[in-house]
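# Chains, contacts and geometry: an overview
So you can see what is in the structure, the chains are spelled out below.
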Amino acid sequence: MLNGASFAVSDLRATALSRPHPATRLAALILGLVSGMMATPLGLAVMLALVALALGWTGLGLGRQLAAQKPWLSVAVLVLGVHTLTTVEAAPLGHPSWQGLAAGVQALARVGLSVGLLGLYLRIASLDDLIAGTGWWLAPLNRLGVPVADFGLMLAVALGTAPVVLGEGRRIEMVVRLRRAGGAGVATGSRATRWLRRIVDRAQVVVPLLETLGRRAEALSLSLRRRRPTPESQARFLPIAETLTLAGWLAVLIWSPW
C-alpha cells in the first residue's frame, strides 16, 4: 500500500513571493538562513516578525504558527534551562543567570527563524522550483563534466523518500496495534503501560519497515534505469532587480563582520 499523499503536489497560494525566479527564491532562503545566524538580537526580532508576516501572507495565520510550536515546548524549556545553568560568562557552572536565560531565548529565536524560513520556502516553492533553482546554480558545472541533468532525479527521489518512510512506518505501527489489541490499541491500561506499549510498537516497526524499504529500493532502481529528467529551458541570467537584490544582500553579509 502506497501513501498517495506522499506523491501529491501541494497547492501553493499564489503571492508576490512566489513570482521571482526559482534560483532567486533558493538563494534568498540560503542568505536568510545565514543572516539569521549572524543577526543581532534586534535584527533577529525584526526577521522573526517579517517571517511571521510572510507566512500569514501565504495563508498560514499566527494561530496556526503558534499551534505548530506546541509539541516542541518541552524541548524549548530544556534549551532554556541548559543555557541558564551553563553560561559561564555570567555565572559559575550550575548557577542560573539572566544572561544565560537571554542566551537561551536567542538560541531558540535563531532555530525558530530557520524553521520559519524553511516553512516559508515550502509555501512559495514546489519541488519542481527547487530542482529548477538548484539546477540553475549548478549549470556551470556542466563544463567540468558533472552530470547536472541527473540532479533533478536524485533530488526528487531523496525528498520523496522521507514522506514514504513516515507513511509506511505509521501504517505498520497501526497494523501492529490492531493485531495485538484487537482494535483497542493502547487506549487501555495506566499511563505508564500505554507509554511502554508505544515504545514496544515502534521498536517492532523497524524490521518490517526495513524489509519493505529494501523491496522498494530494488523496484526503484529498476524503474529508474535509463531514465533521466528532461531539462526545462531557463533564462541564462536572472532579472536585473533580483540580481542586484541578491548581490546587495550578499555584500552586506560579507561586510557586516568587519
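Preceding this section is the structure that the text describes.
This report concerns the structure included in the present document. (Residues numbered from 1 in each chain as written. Predicted model: local features only at pLDDT ≥ 70, side-chain atom pairs only at ≥ 80, totals over all residues. Heavy atoms only, no water.)

### Considerations on the overall build of the chain
Formally: Strands are runs of DSSP state E lasting at least two residues, helices are runs of H or I lasting at least four, and both sets are numbered from the N terminus onward. A simple rule labels every residue: compare its accessible area, found with a 1.4 Å probe on the protein chains alone, to the largest value its type can have, and call it buried under 20%, exposed over 50%, or partly exposed in between. Contacts: residue pairs with any heavy atoms within 4.5 Å of one another.
Each helix and strand counted, the chain has nine helices and zero strands in total. Its helices and strands taken in sequence order, the chain reads α-α-α-α-α-α-α-α-α from the N to the C terminus. The proportion of buried residues among the 258 residues of the chain is 26%. Sequence-distant contacts, at least 24 apart, represent 72% of the contacts inside the chain between residues at least 6 apart.

### Section: the packing of aromatic side chains
This is how it is decided: Only centres within 6.5 Å qualify two rings of Phe, Tyr or Trp (six-membered ring in Trp) as a pair; their planes then separate them into stacked at under 30 degrees, edge-to-face at over 60, and tilted for everything else.
Scanning the entire structure with this criterion turns up one aromatic pair. Aromatic pair Trp 136 and Trp 137: ring centres 4.8 Å apart, planes at 85 degrees, arrangement edge-to-face.

### A closer look at a nonpolar patch on the surface
Heads up, the condition is: Exposure above 30% relative accessible area and the absence of a salt bridge qualify a residue for a patch, where like charges join within 9 Å and nonpolar side chains (Val, Leu, Ile, Met, Phe, Trp, Tyr) within 5 Å. Each accessible area is a Shrake-Rupley estimate made with a 1.4 Å probe; only the visible protein chains count as cover when residues are assessed. Just to be clear on terms, a salt bridge is a Lys or Arg side-chain nitrogen sitting within 4 Å of an Asp or Glu carboxyl oxygen.
Among the surface-exposed residues, Ile 30, Val 34, Met 37 and Met 38 lie close enough to one another that they form a single nonpolar patch of about 340 Å² accessible area. Residue position: Val 34 is located in helix α1 (residues 22–38).

### Some remarks on the environment of Gly 32
Note on placement: Gly 32 falls in helix α1. C-alpha of Gly 32 to C-alpha of Met 47: the two residues are 15 residues apart in sequence and 8.9 Å apart in space. Contacts of Gly 32, omitting those with residues within four sequence positions, involve Met 47, Leu 117 and Trp 249.

### What to know about the pattern of salt bridges
Counted by the stated rule, this structure contains two salt bridges. As a salt-bridge pair, Asp 129 and Arg 25 come within 3.3 Å of each other at their nearest N and O atoms. A residue pair is termed long-range when its members are at least 10 positions apart, and Asp 129 in helix α6 (residues 127–138) and Arg 25 in helix α1 qualify at 104 residues. Under the relative-accessibility criterion, Arg 25 is labelled buried at 9%.

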